[in-house]
Amino acid sequence: EIREKPDIWIFRGEPDAIAKLKETLNNAKVEVLIAAPKIALPIIGASLPALRALSGSDVKLLIMLSGDLDEAPAELIGLGEVRFRGGMFGGGIIVDEREALLILGESKPSLILWSNHLDLVRFAKSYFYYLWETARKG
């Protein structure tokens, strides 16, 4: 039996989470899935340079935002395929089915975690696509 040694990091402050997110995005090769309700926007917005660099590459970017196009952050529109969905209780970014940074909370992030645990990342990806399929196209 092979034992995994996955990492799960819990961040207490946004600066450390942003640094880890930038590092994660710099390693993206295939796809980046972004679920960005309002509480996640400050963290995701801090990684805009890395996202812009990816949008000009072969990496597929799927961006799911809360609200509608009128409320959407202009910086994220045009970086990849965008859809809108209500009812997201948290957000995050999933990279290449290898890493996930999850942001949970209602009015502000109350828990931010990063992991390379394969089952957790696969679950996050499956849940993202479940929401994506019922999201409105921008």
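Right above here is the structure, for reference.
Quantities reported herein were computed from a predicted structural model and do not represent experimental measurements.

Undergrad: Tell me about the sheet that holds strand β3 (residues 60-65), and please be specific about residues and values.
TA: Taken together, eight strands build an open sheet; the order of strands is β1-β7-β6-β5-β2-β3-β4-β8 and the sheet is mixed. At either margin of the open sheet sits one strand with a lone partner, and together these are β1 (8-11) and β8 (136-137). In the sheet, strand β4 (residues 81-84) pairs with β8 via two bridges, with the strands oriented antiparallel. Within the sheet, the bridge partner assigned to phenylalanine 84 lies in β8 and is arginine 136. The strands touched by helix α4 (residues 118-133) are β2 (31-36), β3, β4, β5 (90-95), β6 (99-105) and β7 (109-115); relative to β3, the strand with the most contacts, the crossing angle is about 65 degrees.

Undergrad: If you had to explain helix α1 (residues 14-26) to someone new, which residues and values would you point to?
TA: End to end, α1 covers 18 Å across 13 residues, agreeing with the expected 18 Å (1.5 Å per residue, within 8%). Listed in full, the buried residues belonging to α1 are Ala17, Ile18, Lys20, Leu21, Thr24 and Leu25. Projection of α1 onto a plane perpendicular to its axis shows the buried side chains occupying an angular sector of 165 degrees, all on one side. Of the residues in α1, the exposed ones pointing more than 90 degrees away from the buried face are Pro15, Asp16 and Asn26.

Undergrad: Can you lay out the layout of surface pockets for me, pointing to particular residues and giving the numbers?
TA: By volume, the largest pocket amounts to about 320 Å³. Gly90, Gly91, Leu102, Ala124 and Tyr127 are the residues nearest the centre of the largest pocket, which is lined by 20 residues in total. Mapped onto the lining of the largest pocket, the elements with two or more residues apiece are β2, β5, β6 and α4. In terms of residue count, the dominant contributor to the lining of the largest pocket is α4 (six residues).

How each quantity is defined
- Residues numbered from 1 in each chain as written.
- Predicted model: local features only at pLDDT ≥ 70, side-chain atom pairs only at ≥ 80, totals over all residues.
- Heavy atoms only, no water.
- Pairing = 2+ DSSP bridges.
- Helix = DSSP H or I, 4+ residues; strand = E, 2+ residues; numbered from the N terminus.
- Contact = heavy atoms within 4.5 Å.
- Axes fitted to C-alpha atoms, helices over the stretch in contact; angles between N-to-C directions.
- Expected span 1.5 Å × (residues − 1).
- Buried < 20%, exposed > 50% of the residue type's maximum accessible area, 1.4 Å probe, protein only.
- Arc of directions from axis to C-beta.
- 1 Å grid on protein atoms, 1.4 Å probe; cavity = no way out; pocket = protein on both sides within 12 Å on 5 of 7 lines; lining within 4 Å.
- Points joined across faces, edges and corners; volume = space filled by probe spheres on them.

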